[in-house]
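Understanding the architecture of this molecule
Read off the chains here:
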Amino acid sequence: MESFNLVDQRWIPILGQADDVSLIDLFRQADKLPGIGGESPTMTAALYRLAIAMLHRALKPIDGAVWKQIWQAREFPIEQILDYLGPLKHRFDLFGDEPFYQCRELATAQPKSAALLVPYKSSGNNVTLFDHTTSDTRVTLTPAEAARWLVTVQAFDLGGTKTPGATQDKSSTAAPCARGAVFLVRGMTVFETLMLNLPAYEPGRRPMNTLAGDAPVWERPQLSAMPRKAVVPKGWTALLTWQSRRVWLRRTQNEDGSVAIGEVVICPGDSLHKEFQLSHVDQHMAFYSDKVTPLRIDRERALWRSANALVARSGALEPRGGVPPRTFAWLRETQKAAGLKLPQLIPVTAYGLVNKQSKLITWAAEDIVLPARLLDPAETEAATVLEFALRTAEEVGSLLFEQARRLRGEFKTRIELQEEKKRDWRPVQLASYWAALTPEYDRLAHLLAEGEYEEAKRSWRRAVEAAATSALNRMLATGTTSTRNLAIRAKVANTVTFRLRRALATLDAAPGVTA
């Protein structure tokens, strides 16, 4: 019988390397590998989270002492990982009796094109993304490709209509990672990235809401085709390996005799209880101040504009901030307990989807640097300057948008303006404003990291003023030179100038910082 066991078969792509690595070699060579390099950002994040789930279970309990020992050794205890995998190895066989991340009961279901497994391949009425295949094109995947996309689908698949499985219900809910961005601290190697995103783990104790019965899917009985409804995960590794779909990979044979995946069955899988919030368990996501809404990647909004949601909050700042990824707090803890020396600026990558309802628009990975001192809730001055800097930028951005619409209203009919509003019209000058501030955020972060709070305020003030003035001048250059148009342009210029000055004065007077 054919076998493709993920423990020792090559299937995980590595940045800058032509050859994939097996799961065990990912751990064995971790400090020599630059990083996981999936075919999409979502795949990269999903593979990292899979590896993290395995490390949690193989190395448990993970506390400050264990973490420090591994970090200083610069290698994972491979024998311990192999001992853990011994009785479980058969659960990682893609084609075994208990196939990895699949449901054997679906073997007799009517399959569809393997394109369903790959978001950028066209299938049915799906929009083709970055690709020129159609639903009539025969798509085949190697076992390695299929395994990678299988892990990605379980973590990031959008909700919507699927093939009905054990029931006639076609509707499915979004996979956990499709609901918000996954934030991973970037290390120089796979070893560092895994370790920097590996929080303390001791079922029944931590991380939060991880019960004694927490376990990844490969430690539990094979799931049936009947999806579980309204489930509350028992903990962190259960969420990391959540089975949001019931899947079956149907094998075919290439002309050279090699095995390929030509068809798949994808049915609704487990759905989270409506009262369950990802913020109850997830360690890699950030949430807005309501502690419920995950931070997402937005094509219209650069990630740095939400940087205050990634900052550790003191009691005084809590109402204005969000809930940062809990791994950030763990880094702060290991900095003290394990002697971890963090850089002044911590590189973080957010991985996620951009979608409209159940239609994938694109996927993205967005980088941001975060001053290490902002991991400390006691650093209220740094957090306050960041908060007021971002608030000032948003206030001025809203001002420019409002005045651009006011100016546009002078030479557009009411009907035209209503149609533009339906299309979510945005002035191009506003895009230039945010684009000008994007590199300035890095400078702001550097100054905050160095404790140069007054210079950070002055630098950001100059940047916002220059970007706003440039955007205003572009706005005023539009339209005709009629007397009426010149008059409204003068009013717009006066309004922006006055309110810009007021917004910048608010930044100057940021509380808790020496004026």
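Structure shown above.
Our subject in this report is the structure included herewith. (Residues numbered from 1 in each chain as written. Predicted model: local features only at pLDDT ≥ 70, side-chain atom pairs only at ≥ 80, totals over all residues. Heavy atoms only, no water.)

1. Thoughts on the overall build of the chain
When you go through the chain residue by residue, the secondary structure sums to 13 helices and 8 strands. Relative to its full complement of 515 residues, the chain shows a buried share of 54%. Sequence-distant contacts, at least 24 apart, represent 70% of the contacts inside the chain between residues at least 6 apart. (Helix = DSSP H or I, 4+ residues; strand = E, 2+ residues; numbered from the N terminus. Buried < 20%, exposed > 50% of the residue type's maximum accessible area, 1.4 Å probe, protein only. Contact = heavy atoms within 4.5 Å.)

2. Examining the packing of helix α2 (residues 41–59) against helix α5 (residues 143–156)
Interaxial distance between α2 and α5 falls to 9 Å at its minimum, and their mutual angle equals 90°. What the angle tells us is that α2 and α5 run roughly perpendicular. Residue-level inspection shows Thr42, Met43, Ala45, Ala46, Leu47 and Leu50 of α2 in contact with α5, the latter providing Arg148, Trp149, Val151, Thr152, Ala155 and Phe156. The class makeup of the residues in the contact of α2 with α5 is 9 nonpolar, 2 polar and 1 charged. (Axes fitted to C-alpha atoms, helices over the stretch in contact; angles between N-to-C directions. Parallel < 35°, antiparallel > 145°, perpendicular 65-115°, else oblique. Nonpolar A, V, L, I, M, F, W, Y, C, P; charged D, E, K, R; others polar.)

3. Some remarks on the sheet that holds strand β5 (residues 245–253)
Read from one edge of the open sheet, 3 strands run β1-β6-β5, paired in antiparallel fashion. Of all strands in the sheet, those with a lone pairing partner are β1 (112–113) and β5, marking the two edges. Where β5 lies against strand β6 (residues 259–268), 9 bridges are found, and the strand directions are antiparallel. Bridge pairing in β6 links Trp248 to Val265. (Pairing = 2+ DSSP bridges.)

4. Some thoughts on unusual backbone geometry
The bulk of non-glycine residues show a negative phi, and the bulk of peptide bonds are trans. Backbone torsion omega between Lys60 and Pro61 reads -10°, so that peptide bond is classified as cis. Among the structural elements, Pro61 can be located in the loop between α2 and α3 (64–73). Across the junction of Arg206 and Pro207, the peptide omega takes the value 0°, indicating a cis bond. By the secondary structure assignment, Pro207 is in the loop between α6 (190–196) and α7 (236–240). At Ala230, a position not held by glycine, the phi torsion is positive, near 50°. Position of Ala230 among the secondary structure elements: in the loop between α6 and α7.

5. Things to note about the packing of aromatic side chains
By the definition in use, this model includes 12 aromatic pairs. Here Trp304 and Trp460 contribute two aromatic rings whose centre-to-centre distance is 5.7 Å and whose plane-to-plane angle is 80°, an arrangement assigned as edge-to-face. On the criterion of sequence distance, the pair formed by Trp304 in the loop between β6 and α8 (326–337) and Trp460 in helix α12 (residues 453–476) is long-range, its members being 156 residues apart. Both residues of the pair, Trp304 and Trp460, belong to the buried class. Through a chain of ring-to-ring contacts, the aromatic side chains of Phe27, Trp67, Trp71, Phe76 and Phe191 assemble into a single cluster. Directly above the aromatic system of Phe388 lies the positively charged group of Arg391, at a separation of 4.7 Å from the ring centroid. (Phe/Tyr/Trp six-rings, centres within 6.5 Å; stacked < 30°, edge-to-face > 60°. Lys NZ or Arg CZ within 6 Å of the ring centre and 35° of its normal.)

6. As for the sheet that holds strand β4 (residues 182–185)
Remark on secondary structure: sheet strands pair via backbone hydrogen bonds, oriented parallel or antiparallel. Pairing within the open sheet is antiparallel, and its 3 strands lie in the order β4-β7-β8. Whereas interior strands pair on both sides, the edge strands pair on one side only; in this sheet they are β4 and β8 (359–371). Going from strand to strand, the sheet's axes swing by 20° on average, the running direction of each strand aside. Note: strand β7 (residues 345–356) against β8, 12 bridges, orientation antiparallel. Each bridged residue has a counterpart across the sheet, and for Tyr351 the counterpart in β8 is Ala365. Across the sheet, helix α11 (residues 428–449) is in contact with β7 and β8; its angle to β8 comes to roughly 35°.

7. With respect to the environment of Ala53
Here Ala53 lies in helix α2. For Ala53, a relative accessible area of 0% translates into the label buried. Once the C-alpha coordinates of Ala53 and Leu198 are considered, the two residues, 145 residues apart in sequence, prove to be 8.9 Å apart.

8. Topic: α8
Here α8 spans 17 Å end to end across 12 residues, near enough to the 16 Å set by a 1.5 Å rise per residue. Taken as a whole, α8 has its buried residues at Thr327, Phe328, Trp330, Leu331 and Thr334. Buried residues of α8 fall within an arc of 155° about the axis and therefore sit on the same side. Looking at the buried residues of α8, the elements they touch are α3, β4, α6, β7 and β8. Downstream of α8 by one or two residues, Gly339 has phi in the positive range, about 70°. (Expected span 1.5 Å × (residues − 1). Arc of directions from axis to C-beta.)

9. As for the nonpolar core
Grouped together as the largest cluster of nonpolar side chains are 167 residues, with contacts concentrated most on Trp11, Phe76, Trp218 and Tyr433. Ignoring sequence-local partners within four residues, the contact set of Trp218 consists of Leu50, Ala53, Met54, Tyr84, Leu88, Arg91, Phe92, Phe100, Tyr101 and Thr241. Counting residues in each nonpolar core, the second largest holds 6 residues, with Leu106, Ala225, Trp248 and Cys267 among its members. (Core = buried A, V, L, I, M, F, W, Y, C linked by side-chain atoms within 4.5 Å.)

10. Brief notes about the side chain of Lys162
Here Lys162 lies in the loop between β2 (160–161) and β3 (171–172). Classification of Lys162 as buried rests on a relative accessible area of 18%. Side-chain polar atoms of Lys162 contact the side chain of Asp157, separated by 2.8 Å. Setting aside anything within four residues of it in sequence, one finds Lys162 in contact with Asp157, Lys170, Ser172, Arg245, Ile266, Cys267 and Pro268. (Polar contact = N/O pair within 3.5 Å; in protein donor to acceptor, adjacent residues only side chain to side chain.)

11. A look at the pattern of salt bridges
Under the criterion given, the structure shown has 27 salt bridges. Residue Glu465 pairs with Arg461 through a salt bridge whose shortest N-O separation is 3.6 Å. Placement of both Glu465 and Arg461 in helix α12 is noted, with a separation of 4 residues, approximately one turn of the helix. Take Glu465: its relative accessible area is 34%, and that puts it in the partly exposed class. What makes Arg461 partly exposed here is its relative accessible area of 25%. A network of salt bridges, in which partner residues are shared, links Arg443, Glu455, Arg458 and Arg462. (Salt bridge = Lys/Arg side-chain N within 4 Å of Asp/Glu carboxyl O.)

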